[in-house]
Amino acid sequence: MKTIQIIDSKNHVGETVKIGAWIANKRSSGKIAFLNLRDGSAFFQGVVVKNEVGEELFDLAKGLNQETSVIITGEIREDTRSKFGYEIGITGIEVVGESQDYPITPKEHGTDFLMDHRHLWLRSSKQHAIMQVRNELIRATYEFFNERNFIKIDPPILTSSAPEGTTELFETDYFGDPAYLSQTGQLYLEAAAMAFGKVFSFGPTFRAEKSKTRRHLTEFWMMEPEMAFVTQEESLEIQEKYVAFMIEKVLENCDYALDVLGRDKELLKKYTVLPFPRISYDEAVELLQQNGFEDITWGDDFGSPHETFIANHYEKPVFILNYPKSMSPFYMKPHPTRDDVVIRADMIAPEGYGEIIGGSERAIGFDYLLEQIEKDGLDRKDYEWYLDLQKYGPVPHSGFGLGLERTVTWVCGIEHVREASPFPRLLHRIYP
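Residues numbered from 1 in each chain as written. Predicted model: local features only at pLDDT ≥ 70, side-chain atom pairs only at ≥ 80, totals over all residues. Heavy atoms only, no water.

Under an unreviewed UniProt entry, the name given to the protein is Asparagine--tRNA ligase, and the source organism is Candidatus Vagococcus giribetii. Looking at the Catalytic activity (unreviewed entry) heading of the UniProt record, one finds this comment for the protein: "tRNA(Asn) + L-asparagine + ATP = L-asparaginyl-tRNA(Asn) + AMP + diphosphate + H(+)". As its UniProt record puts it under Subcellular location (unreviewed entry), the protein is described as follows: "Cytoplasm". (UniProt positions renumbered as here; feature names shortened; annotations may be inferred.)

J.: Can you help me understand the overall build of the protein in this one?
T.: When you go through the protein residue by residue, the secondary structure sums to 14 helices and 17 strands. If one aligns the C-alpha atoms of the protein with their principal axes, the spans along those axes are about 85 × 55 × 40 Å. For the protein, buried positions account for 50% of its 432 residues. Accessible area for the protein stands at about 20200 Å²; split by element, carbon and sulfur atoms hold 49% of it. (Helix = DSSP H or I, 4+ residues; strand = E, 2+ residues; numbered from the N terminus. Buried < 20%, exposed > 50% of the residue type's maximum accessible area, 1.4 Å probe, protein only. Areas by Shrake-Rupley, 256 points an atom, 1.4 Å probe, with all protein chains shown as cover.)

J.: Hey, could you run me through the layout of surface pockets in this one?
T.: One way to see where empty space is left: roll a probe the size of a water molecule over the atoms. One number sums up the size of the second largest pocket: a volume of about 720 Å³. Taken together, 30 residues line the second largest pocket, and the ones lying closest to its centre are Ile 104, Thr 105, Pro 106, Ser 124 and Ser 125. The greatest single-element share of the lining of the second largest pocket, amounting to 4 residues, is contributed by strand S2 (residues 16–29). Across the lining of the second largest pocket, the residue classes break down as 10 nonpolar, 11 polar and 9 charged. (1 Å grid on protein atoms, 1.4 Å probe; cavity = no way out; pocket = protein on both sides within 12 Å on 5 of 7 lines; lining within 4 Å. Points joined across faces, edges and corners; volume = space filled by probe spheres on them. Nonpolar A, V, L, I, M, F, W, Y, C, P; charged D, E, K, R; others polar.)

J.: Got a minute to help me understand the sheet that holds strand S15 (residues 344–349) in this structure?
T.: Strands in a sheet are paired, the pairing made by backbone hydrogen bonds, and the direction either parallel or antiparallel. The strand order S7-S11-S12-S17-S16-S15-S14-S13 describes an open sheet built from 8 strands, whose pairing is mixed. Every other strand in the sheet has two partners, leaving strand S7 (151–152) and strand S13 (278–280) as the edge strands with one partner each. One ladder, built from 5 bridges, connects strand S12 (residues 219–228) with strand S17 (residues 397–403); its direction is antiparallel. Among the inter-strand pairings, Ala 228 is bridged to a residue of S17, identified as His 397. (Pairing = 2+ DSSP bridges.)

J.: Help me understand the confidence of the model for the protein in this model?
T.: For residues with low pLDDT, the predicted coordinates do not support detailed interpretation. Here the protein shows a mean pLDDT of 93. Residues at 70 or above account for 95%. The model gives residues 426–432 a pLDDT under 50, and that stretch makes 12 contacts with residues more than four places away or in other chains. (pLDDT = per-residue confidence, 0-100. Contact = heavy atoms within 4.5 Å.)

J.: For this particular structure, what's the right way to read a nonpolar patch on the surface?
T.: On the surface, Leu 158, Tyr 174 and Phe 175 cluster together to form a nonpolar patch covering roughly 380 Å² of accessible area. On the secondary structure map, Leu 158 appears in strand S8 (residues 158–159). (Patch = residues over 30% accessible without salt bridge, like charges linked within 9 Å, V, L, I, M, F, W, Y side chains within 5 Å. Salt bridge = Lys/Arg side-chain N within 4 Å of Asp/Glu carboxyl O.)

J.: Explanation requested: the sheet that holds S8 in the structure shown.
T.: The strand order across the open sheet built from 3 strands is S8-S10-S9, with neighbouring strands paired in antiparallel fashion. Only two strands of the sheet have a single partner each, and these edge strands are S8 and strand S9 (171–174). Sheet topology note: the S8/strand S10 (residues 177–181) ladder contains 2 bridges and is antiparallel. In the strand pairing of S10, Thr 159 is matched with Tyr 180.

J.: Would you take a moment to explain the side chain of Gln 127 for this structure?
T.: When you line up the elements, Gln 127 lands in helix H5 (residues 125–147). Judged by its relative accessible area of 0%, Gln 127 is buried. Of note is the side chain of Gln 127, whose polar atom sits 2.9 Å from the side chain of Glu 419. Leave out the neighbours within four places in its chain, and Gln 127 touches Arg 118, Trp 121, Leu 122 and Glu 419. (Polar contact = N/O pair within 3.5 Å; in protein donor to acceptor, adjacent residues only side chain to side chain.)

J.: Can you walk me through the pattern of salt bridges in this structure?
T.: Two side chains carrying opposite charge are able to pair once their charged atoms lie near each other. All chains considered together, the criterion is met by 28 salt bridges. The partner of Asp 379 in a salt bridge is Lys 381, with the nearest N and O atoms 2.5 Å apart. Since its relative accessible area comes to 35%, Asp 379 is described here as partly exposed. Residue classification places Lys 381 among the exposed residues on the basis of a relative accessible area of 59%.

J.: What should I look at first to understand unusual backbone geometry in this one?
T.: Trans is the common state for peptide bonds, and a negative phi is the common state for residues other than glycine. A cis amide bond links Leu 274 to the next residue, Pro 275, at an omega of 5°. Position of Pro 275 among the secondary structure elements: in the loop between helix H9 (265–270) and S13. For Phe 175, which is not a glycine, the phi torsion comes out positive at approximately 55°. Tracing the chain through its elements places Phe 175 in the loop between S9 and S10. Even without glycine at this site, Glu 351 takes up a positive phi of about 70°.

J.: Got a minute to help me understand the packing of H5 against helix H7 (residues 232–253) in this structure?
T.: The relative placement of two packed helices comes down to the angle between their axes together with the axis-to-axis distance. The geometry of H5 relative to H7 is characterised by a closest axis approach of 9 Å and an angle of 130° between their N-to-C directions. As summarised for this structure, H5 and H7 are arranged oblique, according to the angle between their axes. The hand of the H5/H7 crossing is right-handed. For the pair formed by H5 and H7, the contact residues are Val 133, Glu 136, Leu 137, Arg 139, Ala 140, Thr 141, Glu 143, Phe 144 and Phe 145 on the first element and Ile 238, Lys 241, Tyr 242, Phe 245, Met 246, Lys 249, Val 250 and Asn 253 on the second. Tallied by class, the residues present in the contact of H5 with H7 amount to 10 nonpolar, 2 polar and 5 charged. (Axes fitted to C-alpha atoms, helices over the stretch in contact; angles between N-to-C directions. Parallel < 35°, antiparallel > 145°, perpendicular 65-115°, else oblique. Left-handed = near helix turned anticlockwise from the far one by under 90°.)

J.: Where do I start with empty space enclosed by the protein in this structure?
T.: If you walk through the whole model with that rule in mind, you get 2 cavities of 30 Å³ or more. One number sums up the size of the largest cavity: a volume of about 40 Å³. In terms of lining residues, the largest cavity is bounded by Ala 42, Phe 43, Ser 125, His 128, Ala 129, Gln 132, Tyr 256, Ala 257 and Val 260. The element that contributes the greatest number of residues to the lining of the largest cavity is H5, accounting for 4 residues. Each residue belonging to the lining of the largest cavity can be placed in one class, and the counts come to 6 nonpolar, 3 polar and no charged.

Rendered as structure tokens:
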């Protein structure tokens with residue numbers, strides 16, 4: 001007798017198999033008990049018929065508590081009434097581990113309560129579906145960049161310098177010297193791009209900001225490519241193709257998960273149609289002002305209501321180009337005909353999910369970068385290695401960063417970015 005996972009049920013119709021699972025929920029109707037089973041790969045229904053299994057096994061099935069672990073024996077059969085399409089007719093149950101007073105019952109619970117029990121909330125069907133989508137976005141990322149001959153580079157998590165200033169960094173002691181949890185691997189990736197041409201990283205990054213919004217995390221995963229001999233326009237084409245590719249793969253491989261989440265698949269398909277709209281920062285400010293946003297003037301950063309309006313205006317992801325230099329990091333290339341803006345772009349997701357990608361063409365020129373480093377009040381000695389890139393064969397190059405959790409949140413159509421992270425920091429209890 002084979003032991004299988006629930007997800008493989010379609011390959012074993014008519015066979016008697018074993019499955020290790022947990023009781024997600026149960027109900028009974030007269031002489032039939034229905035067990036909602038999960039094993040980490042999927043959820044499906046187990047059916048126990050009293051007349052077929054006898055009173056002892058039937059009573060055992062009816063008495064199983066939520067999250068009790070079991071080994072189920074039974075025959076796999078099609079179930080056209082369910083979205084999953086299969087069920088198991090149970091003929092044997094072996095209890096592996098008891099469960100008592102499981103705190104997350106089938107009733108409604110508030111987000112704060114669920115986040116306090118995140119280690120258990122992951123077991124729910126919704127969270128399972130979200131993690132499946134997250135996994136597919138990660139898998140698709142590697143496929144996309146590997147197919148295009150990018151090399152994965154792992155920048156350090158502890159760094160001595162700050163690409164975007166130290167105000168949002170977690171500082172720690174590194175044998176008597178200050179060090180910071182990385183907010184981006186970009187500067188290291190620029191160095192790697194000068195060695196390998198096209199590189200990317202995919203790892204944890206940190207922001208020391210106490211944000212209560214549904215969009216922010218203190219720890220999140222970011223995908224960052226850097227590309228030598230690539231202009232901003234070429235980078236934008238790669239960005240939109242990458243996002244469209246990820247969504248296509250989710251639609252192809254996560255159909256059931258999207259059903260569980262109630263996600264509009266036709267709407268997602270619209271986000272795969274390229275190119276995405278492009279507007280300048282100037283045009284974005286003008287659009288907002290023309291539509292009643294009196295709180296925005298040129299030189300201001302966009303808030304959530306502004307980004308939501310802009311993306312919804314175009315009904316698909318939109319690039320905002322050429323932001324003011326005064327609100328941009330030192331490493332961004334200045335505009336060739338304007339002193340007040342840099343060659344930078346953010347991709348804003350529709351439906352109120354905000355920025356999912358930020359990128360730019362990188363500045364080149366030793367004297368210019370040194371001037372910007374000093375103007376930002378950064379210590380030159382921390383950036384001598386970065387300035388070396390300007391001494392030994394500098395070339396035009398571009399890059400960007402995509403926040404994984406915010407992208408998961410958008411693709412899944414869920415409200416809180418914390419649901420897109422397997423284990424958001426327990427600090428949410430202090431500052432949710």
